[in-house]
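Next come the chains, spelled out residue by residue.
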Amino acid sequence: MAQNTDHFEKCENCTNRVSTYNYNPQTIRGNYLCKSCVSSYEVCARCGLHYKFGETNGAYCQECDD
Ligand SMILES: [Zn+2]
Ligand SMILES: [Zn+2]
C-alpha cells in the first residue's frame, strides 16, 4: 500500500506536519497550524481564520475589517 501523504501539510509556524484530513485551524494565508502553534495565534471572530498577534488591529482579520 502506498503511503498517503496527500493529506499532510506543514504547519505555517513550525516544521510539524499537519493532517488536513481532519479539521485543523487555518490562517488567513490559507496555511495550516498544528496544535502547538495555534495558541500563538488569534482567531478572527468573523471568518474563523487565524492570524498572528499584532498582525491586525482589532478582533477581525484584514479581510473582514472593512
Ligand atoms: Zn506548528
Ligand atoms: Zn476574518
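Colleague: Summarise the coordination of the zinc ion (ligand 2); cite the residues concerned and give the values.
Modeller: For the zinc ion (ligand 2), the protein coordination sphere consists of Cys-44 (SG), Cys-47 (SG), Cys-61 (SG) and Cys-64 (SG), at 2.3 to 2.4 Å. Along the chain, the residues that donate to the zinc ion (ligand 2) are spaced as C-x2-C-x13-C-x2-C. Residue classification places Cys-47 among the partly exposed positions, given a relative accessible area of 34%.

Colleague: Describe the coordination of the zinc ion (ligand 1), with residues and values.
Modeller: Taken together, the protein donors to the zinc ion (ligand 1) comprise Cys-11 (SG), Cys-14 (SG), Cys-34 (SG) and Cys-37 (SG), at separations of 2.3 Å. Linear spacing of the donor residues for the zinc ion (ligand 1) on their chain is C-x2-C-x19-C-x2-C. Accessibility classification places Cys-34 together with Cys-37 in one group, the buried group.

Colleague: Give me the lowdown on the environment of Lys-10, citing residues and values where you can.
Modeller: Tracing the backbone through its elements, the reader meets Lys-10 in strand 1 (residues 8-10). Apart from residues lying up to four places away in sequence, Lys-10 is in contact with Thr-15, Asn-16 and Tyr-32.

Colleague: Give a description of the packing of aromatic side chains that names residues and reports values.
Modeller: The tally for this structure, following the rule as stated, stands at 0 aromatic pairs. Taking the ring centre of Phe-8 as reference, the NZ or CZ of Arg-17 above it sits at 4.5 Å. In this structure, Arg-46 packs its charged tip against the face of Tyr-60, placed 4.0 Å from the ring centre.

Colleague: Which residues make up the pattern of salt bridges, and what values do they have?
Modeller: Charged atoms that come close allow side chains of opposite charge to pair. If you walk through the whole model with that rule in mind, you get 2 salt bridges. Between Arg-29 and Glu-12 there is a salt bridge whose closest N-O contact spans 2.7 Å. Here Arg-29, found in the loop between strand 2 (17-19) and strand 3 (41-43), pairs with Glu-12, found in the loop between strand 1 and strand 2; they are 17 residues apart in sequence, far enough to count as distant. Assessed through its relative accessible area of 41%, Arg-29 is described here as partly exposed.

Basis of the calculations
- Sequence order sets the numbering: in each chain, residues are counted from 1 along the sequence as written.
- Written order determines the labels here, with chains lettered from A and ligands numbered from 1.
- It should be noted that, the model being predicted, local features are given only for residues of pLDDT at least 70 and side-chain atom pairs only at 80 or more, the latter also being counted only at that level, while totals for whole chains, interfaces and linings use all residues.
- In computing side-chain values, all of the structure's heavy atoms are included and hydrogens and water are not.
- Water is not part of the atom set, so a site may look incomplete; the donors themselves are N, O and S atoms within 2.8 Å of the metal, or 3.2 Å for Na, K and Ca.
- Think of it in three bands: with a 1.4 Å probe and only protein chains considered, a residue is buried below 20% of the maximum accessible area for its type, exposed above 50%, and partly exposed in between.
- The secondary structure listing takes helices from DSSP runs of H or I that are at least 4 residues long and strands from runs of E that are at least 2 residues long, numbered from the N terminus.
- Whether two residues touch is decided by their heavy atoms; if any such pair falls within 4.5 Å, the residues are in contact.
- Aromatic contacts are taken between Phe, Tyr and Trp rings whose centres are within 6.5 Å, Trp giving its six-membered ring; a plane angle under 30 degrees counts as stacked, one over 60 as edge-to-face, and the others as tilted.
- Any Lys NZ or Arg CZ found within 6 Å of a ring centre and within 35 degrees of that ring's normal is scored as a charge over the ring.
- Any carboxyl oxygen of Asp or Glu that lies within 4 Å of a side-chain nitrogen of Lys or Arg is treated as forming a salt bridge with it.

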